[in-house]
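Remarks on the overall topology
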Amino acid sequence: MVARPPIDTGGAEREPTTLMPAWQPPPPAPPALPETVAMPARSAQAGAAAVGAGPQGELTIETGPDAGHKHRAGDHALRLGRSPDNDVILRDPATSGHHARLERRGDQFWLVDLGSTNGTFVNGESVQEKQLNHGDRVTVGQNSVHFSVLEA
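No experiment lies behind these values; they were computed from the predicted model shown.

Comments concerning the side chain of Asp 66
The residue Asp 66 is located in the loop between β1 (56-63) and β2 (70-73) in this model. Not counting residues within four places of it along the chain, the set of residues in contact with Asp 66 comprises Ile 61, Ile 89, Leu 90, Arg 91 and Asn 143.

Let's talk about the pattern of salt bridges
Summed over the entire model, instances satisfying the criterion amount to eight salt bridges. Across the pair Arg 137 and Glu 62 runs a salt bridge whose closest N-O atoms are separated by 2.8 Å. Within this pair, whereas Arg 137 is found in strand β10 (residues 137-140), its partner Glu 62 is found in strand β1, the two being separated by 75 residues in sequence. The class of Glu 62 is partly exposed, set by a relative accessible area of 38%. For Arg 104, the salt bridge is made with Asp 75, and the minimal N-O distance between the two is 2.6 Å. Here Asp 75 lies in the loop between β2 and β3 (78-81) and Arg 104 lies in strand β5 (residues 100-105), a separation of 29 residues in the sequence. Note on Asp 75: relative accessible area 41%, which makes it partly exposed.

Thresholds applied
Residues numbered from 1 in each chain as written. Predicted model: local features only at pLDDT ≥ 70, side-chain atom pairs only at ≥ 80, totals over all residues. Heavy atoms only, no water. Helix = DSSP H or I, 4+ residues; strand = E, 2+ residues; numbered from the N terminus. Contact = heavy atoms within 4.5 Å. Salt bridge = Lys/Arg side-chain N within 4 Å of Asp/Glu carboxyl O. Buried < 20%, exposed > 50% of the residue type's maximum accessible area, 1.4 Å probe, protein only.

This is the structure in structure tokens:
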């Protein structure tokens, strides 16, 4: 074994050597995706029949930060809350991010609380899930909402 002469560092302490990982080639590119295939459009009559089938519900916000706004529900449920991914965005700190959902089941409309912090109320009664009738008053956070059924 050969003795190495000491290295003159001028009295300064040396930092320990850091190990660097060995270079590895990048992973292979993902396989190419097939081309997008266009679906045939529905006929205008079929689309009109689907949209007009059954009653529609209308929410009219009467008091609160969002007073004056109206929203309609039909075949698709409406999700209400503060988060921007809701169908009805309520700008109210007392409203949860995903507060409640209005959905149609057959010819009836139901309001479902989505685990909100401050609760969902129909005609002053706290509800988890409740069938709505024409003229019911819904409270979500600080918003007072009038529910109406609009016949098809």
